[in-house]
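# Notes for the structure review
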Amino acid sequence: MSELPIWLIGCGNMAGAMLAGWLVADEPTDRFRIVRPSGVPFGSGISVQSHLPQSGFGEAIVQIGFKPHMLADIAPDMRSLVGPETCIVSILAGVELATLREAFPDAGQIVRAMPNTPVALGKGVVGLIAEDEQGEHAADVATLMAKLGLAEWIADERLFDVVTALSGSGPAFVFRFMDALARGGEALGLDPAQALRMAVETVRGAAELAGQSDERPATLADRVASPGGSTRKGLDILDDDEALAKLVHATLEAATSRNREMAEEARR
Ligand SMILES: NC(=O)c1ccc[n+]([C@@H]2O[C@H](COP(=O)([O-])OP(=O)(O)OC[C@H]3O[C@@H](n4cnc5c(N)ncnc54)[C@H](OP(=O)(O)O)[C@@H]3O)[C@@H](O)[C@H]2O)c1
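Keep in mind that this is a model prediction, so the values were computed, not measured. (Residues numbered from 1 in each chain as written. Predicted model: local features only at pLDDT ≥ 70, side-chain atom pairs only at ≥ 80, totals over all residues. Heavy atoms only, no water.)

## Overview of the overall build of the chain
What the chain contains, in helices and strands, is 10 helices and eight strands. Taken over 268 residues, the chain has a buried fraction of 38%. Long-range pairs, those at least 24 residues apart, make up 61% of the contacts in the chain with a sequence separation of at least 6. Split by element, the accessible area of the chain, about 14,700 Å² in all, is 56% carbon and sulfur. Placing the 23 positive and 37 negative side-chain charges of the chain at their respective mean positions leaves the two points 5 Å apart. (Helix = DSSP H or I, 4+ residues; strand = E, 2+ residues; numbered from the N terminus. Buried < 20%, exposed > 50% of the residue type's maximum accessible area, 1.4 Å probe, protein only. Contact = heavy atoms within 4.5 Å. Areas by Shrake-Rupley, 256 points an atom, 1.4 Å probe, with all protein chains shown as cover. Lys, Arg positive; Asp, Glu negative; His and termini not counted. Charge placed at Lys NZ, Arg CZ, Asp CG, Glu CD.)

Okay, structure coming up:
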């Protein structure tokens, strides 16, 4: 692994979670340089500046982590700093490789990465697509992202918006389910704090079991549902006319569609 410097242009919730994950994975702190207008310190002795550097990035991984609609404003100021040795990594939802190439015409390599917030614990998911997966710095980026959890190359950029909905937004959907589980228990008489603790640990345990098992989650669900028992009665509610499957499908469709809109907005 080369020890290329890593610039984080924008380091809010998502890039901050990634940086936390890299530090947990013992990446050296002096690899990282943050640019954020607020200049708010990150801690761990990491260099933070409120303006872009005066001289070019040179051979470096430069990750952009601001809001997608800001690309048109920020890229012109970055353009002269980006050269053929620079690898741009974008975590901007929706924004396509072609749009990024227009924004950074001189970049050597451009990679899109779609992380999720559990990367802060090294337990995230990162979808990846590069202009040239075999090209310069693609392997460096993949190695770096693999330190944050499961890193997967996505073969077709048209599916990247779906990946963004499934794993990028996914933690938000799972958090909603945890809340609903806890609130359901609370409504049936459990102490609220106890219900939340038990809901969170139930999701954590179920996720670990599913992660370690060769069986599909549907089979694991059947193992919980003893014939004639109570779990089946609950599953019958979720499965009635595929209620949960339809709800989740509509959820992913809505998020995917917004990712496509953001791609369109960034193209304008
Ligand atoms: N949140 C997620 O779970 C998630 C998941 C995957 C992808 N993403 C993508 O990550 C990106 C950031 O989302 P977020 O949730 O982390 O938002 P956020 O917390 O609002 O962070 C935005 C960052 O952009 C910085 N910024 C604003 N203007 C800038 C400028 N002119 N130059 C450089 N940096 C600038 C902000 O600086 P200050 O810190 O100084 O305010 C902040 O660090 C989005 O493109 C989103 O699509 C987010």
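Next comes the rest of the account.
## A short note on the site of the ligand
Taken together, 21 residues sit near the ligand, with Asn13, Met14, Arg36, Ser38 and Phe66 positioned nearest. Taking cysteine 11, its main chain carries an N or O atom lying 2.9 Å from an oxygen atom of the ligand. Out of a free accessible area of 900 Å², the ligand has 75% covered by protein chains. For the shell around the ligand, the per-class residue count stands at 13 nonpolar, six polar and two charged. (Near = heavy atom within 4 Å. Polar contact = N/O pair within 3.5 Å; in protein donor to acceptor, adjacent residues only side chain to side chain. Nonpolar A, V, L, I, M, F, W, Y, C, P; charged D, E, K, R; others polar.)

## Examining the UniProt feature "binding site: NADP(+)" (unreviewed entry) in the chain
Mapped onto the present numbering, the UniProt feature "binding site: NADP(+)" (unreviewed entry) falls at Ile9, Gly10, Cys11, Gly12, Asn13 and Met14. Apart from residues lying up to four places away in sequence, glycine 12 is in contact with Ala17 and Arg36. In this structure, methionine 14 sits in helix 1 (residues 13–24). Leaving out residues up to four positions away in the same chain, methionine 14 has contacts with Ile91, Pro115, Asn116, Thr117 and Val119. (UniProt positions renumbered as here; feature names shortened; annotations may be inferred.)

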